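# Descriptive structure summary
In case you want the letters, here they are:
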Amino acid sequence: DAKTTQPPSMDCAEGRAANLPCNHSTISGNEYVYWYRQIHSQGPQYIIHGLKNNETNEMASLIITEDRKSSTLILPHATLRDTAVYYCIGMNTGFQKLVFGTGTRLLVSP
Amino acid sequence: GAGVSQSPSNKVTEKGKDVELRCDPISGHTALYWYRQSLGQGLEFLIYFQGNSAPDKSGLPSDRFSAERTGGSVSTLTIQRTQQEDSAVYLCASSGQSNQPQHFGDGTRLSIL
């Protein structure tokens, strides 16, 4: 799996967009970019994944650079409940043992 | 709800006792995973079931750990003769196919006294 680098922490005001960056310069051509988050005392929650194209779902948008060396997860209108640790993972499809790095601790404040 | 369900949510037991942890995956999901997460640590893979194939047990830390999946649905993780180092949150995840995202339950917090 590709090594990913994320800032250790970020702050965001409630109602604002939260833009979480991830560097994955060693990602291979068939590895997807996955995002999960973990809210305190809960299990990890799948957010979104993509290969080359930008993706959007009901939770977030994923913007992947053309060279695929980095991506940004966008929470368009952050709420207090979005406070969590966010993990970016480079991973092939198929059976994979999820391995989380240190992630980004996002704090959404009123 | 339609998510992964785990029970019990909390389990406190004495060292040396056996424990059983249960996972109900999302209906129709053929792939089921067990992980554990110690305080402040990352995910540690334990075991993986996919359909009727033999499970991948490569992550089980010792022969005190075993898991089964009956009828391709519910799974039970059993820890025999528990030790204090077994204390952790045990997480179950399922996916529709092995190439689809894994969806997690909220885990069982196991504390060994």
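Residues numbered from 1 in each chain as written. Chains lettered and ligands numbered in written order. Predicted model: local features only at pLDDT ≥ 70, side-chain atom pairs only at ≥ 80, totals over all residues. Heavy atoms only, no water.

### Topic: the overall build of chain A
- What chain A contains, in helices and strands, is zero helices and nine strands.
- In chain A, the succession of α and β elements from N to C terminus is β-β-β-β-β-β-β-β-β.
- The C-alpha atoms of chain A give a radius of gyration of 13 Å, which matches the 13 Å a tight globule of 110 residues would have.
- For chain A, the C-alpha atoms occupy an extent of roughly 40 × 30 × 25 Å along the three principal directions.
- Across the 110 residues of chain A, 45% fall into the buried class.
- When contacts within chain A are restricted to residue pairs at least 6 apart in sequence, those whose partners lie at least 24 apart make up 56%.
- In chain A, 9 side chains carry a positive charge and 9 a negative one; their mean positions are 4 Å apart. (Helix = DSSP H or I, 4+ residues; strand = E, 2+ residues; numbered from the N terminus. Rg over C-alpha atoms; globule rule 2.2 N^0.38 Å. Buried < 20%, exposed > 50% of the residue type's maximum accessible area, 1.4 Å probe, protein only. Contact = heavy atoms within 4.5 Å. Lys, Arg positive; Asp, Glu negative; His and termini not counted. Charge placed at Lys NZ, Arg CZ, Asp CG, Glu CD.)

### Some points on the layout of surface pockets
- What the largest pocket holds in volume is close to 780 Å³.
- Looking at the lining of the largest pocket, the elements with two or more residues in it are strand E8 (84–91) and strand E9 (104–109) of chain A together with strand E8 (88–95) and strand E10 (108–112) of chain B.
- What the second largest pocket holds in volume is close to 210 Å³.
- Around the second largest pocket sit A:Gln42, A:Gly43, A:Pro44, A:Gln45, A:Tyr46, B:Gly3, B:Val4, B:Ile26, B:His103, B:Phe104, B:Gly105 and B:Asp106, which together line it.
- Contributions of two or more residues to the lining of the second largest pocket are made by strand E4 (45–50) of chain A together with strand E9 (103–104) of chain B.
- Its residues placed into classes, the lining of the second largest pocket shows five nonpolar, six polar and one charged. (1 Å grid on protein atoms, 1.4 Å probe; cavity = no way out; pocket = protein on both sides within 12 Å on 5 of 7 lines; lining within 4 Å. Points joined across faces, edges and corners; volume = space filled by probe spheres on them. Nonpolar A, V, L, I, M, F, W, Y, C, P; charged D, E, K, R; others polar.)

### Remarks on the interface of chain A and chain B
- At the interface, 16 residues of chain A touch 18 residues of chain B.
- For the pair chain A and chain B, the summed buried surface comes to about 1400 Å²; carbon and sulfur atoms form 58% of the total.
- Broken down residue by residue, the surface that chain A buries against chain B is led by A:Pro44, A:Phe95 and A:Leu98, which jointly contribute 36%.
- The interface formed by chain A and chain B holds zero salt bridges in total.
- Taken together, the links from chain A to chain B amount to five residue pairs in polar contact (both at pLDDT 80 or more).
- If you list the elements that add at least two residues to the side of chain A that touches chain B, you get strand E3 (32–38) and E4 of chain A. (Buried area = accessible area lost by both parts, 1.4 Å probe. Salt bridge = Lys/Arg side-chain N within 4 Å of Asp/Glu carboxyl O. Polar contact = N/O pair within 3.5 Å; in protein donor to acceptor, adjacent residues only side chain to side chain.)

### Brief notes about the environment of B:Asp24
Residue and element names in this part refer to chain B.
- Mapped onto the elements of the fold, Asp-24 is located in strand E3 (residues 19–24).
- The spacing of Asp-24 and Thr-13 is eleven residues in sequence and 22 Å in space, taken between C-alpha atoms.
- Once residues within four sequence positions are removed from consideration, Asp-24 is found in contact with Gly-3, Val-4, Ser-5 and Val-74.
- Within polar-contact distance, the side chain of Asp-24 engages the side chain of Arg-22 at 2.8 Å.

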